[in-house]
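This is what each chain is made of:
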2 protein chains.
Amino acid sequence: MSQTVDRALSILPLLAQGPANLEQVADRLGVHKSTALRLLRTLHEHGMVYRQADQRYRLGARLFALAQEAVENLDVRDIAHPHLVALNEKVGHTVHLAVYEENEVLYIDKVESRYPVRMYSRIGKPVAITVAAVAKLLLADLPEPERRAVAERLDYPQYTARSTPDATAFLAELAKVREQGWATDLGGHEESINCIGAPIRGADGRLVAAMSVSAPNVVVSAEELLALLPLVRRTADAISREYSGNDPVRTPQDHKEAR
Amino acid sequence: MSQTVDRALSILPLLAQGPANLEQVADRLGVHKSTALRLLRTLHEHGMVYRQADQRYRLGARLFALAQEAVENLDVRDIAHPHLVALNEKVGHTVHLAVYEENEVLYIDKVESRYPVRMYSRIGKPVAITVAAVAKLLLADLPEPERRAVAERLDYPQYTARSTPDATAFLAELAKVREQGWATDLGGHEESINCIGAPIRGADGRLVAAMSVSAPNVVVSAEELLALLPLVRRTADAISREYSGNDPVRTPQDHKEAR
DNA sequence: TTTCTTGTTGCAACATCTGCAACGCCCATT
DNA sequence: AATGGGCGTTGCAGATGTTGCAACAAGAAA
């Protein structure tokens, strides 16, 4: 749409491959040296490119400062909430959103079941970390040494007969969760409540949050709840996509062709 | 230099603060809606901005990908990382790696403390330039006129009672740092956190980066931390040697494993 | 329904960008 | 020291791309 900006932005992926001097940039852009120079100057003023000692250009610091700032200001909740509501309207059960932070898993959003039977959970409250589906998902994503360290540091309260008994069992469960990409809690926290969860990932593939659908088995059986799994996973994936901004990203070579 | 590109790039930091709609962007940019629209479209085609469900714009995935590459291209990081990890394993405290670029000092790598007490810092984030040990080291290495110019241009926020008060004090501190070849920050940024740093030099003797070890004084006193200085300096020297390729390179295979 | 708000498009005026050619600087070669 | 080549930089005139306007479209609110 805007030729000048288009050209300027095309410089960035080019420099991402490695440092380049003015002439190389001009050539690969298909413009005159002086044009490339002016574009690079503008990029430079904004800190998007950096000029190293040998006068060659490479990507600049502001790029990751920007990315960093954006990530900090990005709230999963904002993005997830409408999806959670939509899911809740479809299935009727309670929907949770949780994040991992400093050895804890916290609920950060919740859409109440439309059925009168409610469960005990609250936004901001730590999750029952050894049994909840969202906790399993979030912990399963930790790098191996930390995962093990956390698992061994935890207490394993026997809420019910189905609660995770100890670190060994928990680590095995985490491995399974990691493998299959989803998690359950079948009566592990409260005897009569089942729960299925799915992961929400950021652009780098790491988990940023996890969501779950919970229902007491007086309303639906565990099997019926599990039938909702594809729906829950699709929702989680939709949130992931929106969160990481992957949606309509074109491949770099599309640009030249489209011009 | 280039108005169009200048405007387009000005949109990015604006969106980094949070999502904005067309009109907000146009207003804050001081241009007509249609102009802003075209700029945003161009940014969009390059994946630099993303349009969320509510039509508002935010920074896009490609920006993050580029930022990622930018960080990876800073190759001191590749070499330093294994050393930083090793040091962290030995002392347990948080280890930072930082570079100077365009009047800023940026963290480009960090290995977290194994203690639960963590400090507020993040890769890609600008360092508190007037107090941080790594900043003192990097600025002390600038040629005299530039060093003075930068020092006088800076603000001197009084984070704590021990923060560097003004340019004069800062220049004196830099002279000392230059002299002794290492630097400290004793409660200058956060009252309870101390920090010791050492320089990493390229083949030409100029600084290419600086590293530091930080610890809250609830864990170790300033004196205990200072006792680690020889170790920190040895680590920095090892990185310098490997980076400048002067010495028998230690363990080439470490890189692949650590990355 | 009407009324507002917000995003989008076509267009004519013109400001901005472009490519050129000449210049200057630095380094390598003689 | 002088010469020559490589590369970055600058001023300029022409023209291309960009701008702001005003009108339109679409959706939300009243």
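Presented here is a report on the structure given in the accompanying data block. Keep in mind the model is a prediction, meaning the values are calculated, not measured. Just so you know, the residues in each chain are numbered from 1, in the order the chain's sequence is written. Starting at A for chains and at 1 for ligands, labels are handed out in the order in which the entities are written. Since the coordinates come from a predicted model, pLDDT governs what is reported: local features require at least 70, and pairs of side-chain atoms require 80 or more to be given and counted, while whole-chain, interface and lining totals use all residues. For the side-chain quantities, the full set of heavy atoms in the structure was used; hydrogens and water were omitted.

1. A look at the pattern of salt bridges
Right, so step 1: Salt bridge, as used here, is a side-chain nitrogen of Lys or Arg placed within 4 Å of a carboxyl oxygen of Asp or Glu. Across all of its chains, the model carries 14 salt bridges over all chains by this definition.
Right, so step 2: Linked through salt bridges whose partners overlap, the residues forming this network are A:Glu144, A:Arg147, A:Arg148 and A:Glu152.

2. Structural notes on the side chain of A:Asp109
Residue and element names in this part refer to chain A.
Right, so step 1: Of note, Asp-109 is situated in strand β4 (residues 104-111).
Right, so step 2: Under the scheme applied here, a residue whose accessible area is under 20% of the maximum for its type counts as buried, over 50% as exposed, and between as partly exposed, the area being computed with a 1.4 Å probe on protein chains only. Residues scored as charged are limited to Lys and Arg (positive) and Asp and Glu (negative), so that His and the chain ends carry no count. Buried and unpaired, Asp-109 has Arg-77 as its nearest opposite-charge partner, separated by 6.4 Å.
Right, so step 3: Between N or O atoms, a polar contact is any pair within 3.5 Å; within protein, one atom must be a potential hydrogen donor and the other a potential acceptor, and residues adjacent in sequence are included only when both atoms are from side chains. Side chain to side chain, Asp-109 and His-81 meet in a polar contact 2.5 Å long. Segments assigned H or I by DSSP are reported as helices when at least four residues long, segments assigned E as strands when at least two residues long, and all are numbered from the N terminus.

3. Quick notes on helix α5 (residues 76-91) of chain B
Think of an α-helix as turning once every 3.6 residues; residues three or four places apart then point the same way.
Residue and element names in this part refer to chain B.
Right, so step 1: The end-to-end C-alpha separation of α5 is 22 Å, in line with the 22 Å expected for 16 residues at 1.5 Å each.
Right, so step 2: At Pro-82, α5 shows its largest kink, close to 25 degrees.
Right, so step 3: Within the sequence span of α5, burial applies to Val-76, Arg-77, Ile-79, Ala-80, Pro-82, His-83, Leu-84, Leu-87, Asn-88 and Val-91.
Right, so step 4: Immediately beyond the C-terminal end of α5, within one or two residues, lies Gly-92, with a positive phi of roughly 90 degrees. Every helix has an expected span of 1.5 Å times one less than the residues it contains. Here the bend at a residue is taken as the angle between two axes, fitted respectively to the seven residues that end there and the seven that start there.

4. Considering the protein's contact with DNA strand C
Right, so step 1: Nearness of a residue to a molecule or strand requires only that one of the residue's heavy atoms be within 4 Å of it. In the vicinity of DNA strand C, 20 residues are found, and the nearest of them are A:Thr35, B:Gln3, B:Thr4, B:Leu37 and B:Arg41.
Right, so step 2: Taken together, the sugar and phosphate atoms account for 65% of what DNA strand C places within 4 Å of the protein.
Right, so step 3: Taking A:Arg38, its side chain carries an N or O atom lying 3.3 Å from a base nitrogen of DNA strand C.
Right, so step 4: Take B:Lys33: an N or O atom from its side chain is 3.1 Å from a base nitrogen of DNA strand C.
Right, so step 5: Elements with a minimum of two residues in the surface near DNA strand C: α1 (3-16) and α3 (33-45) of chain A together with α1 (3-16), α2 (22-29) and α3 (33-45) of chain B.
Right, so step 6: Under the scheme applied, nonpolar residues are Ala, Val, Leu, Ile, Met, Phe, Trp, Tyr, Cys and Pro; charged residues are Asp, Glu, Lys and Arg; polar residues are all the others, including Gly. Considered class by class, the residues forming the surface near DNA strand C number four nonpolar, 10 polar and six charged.

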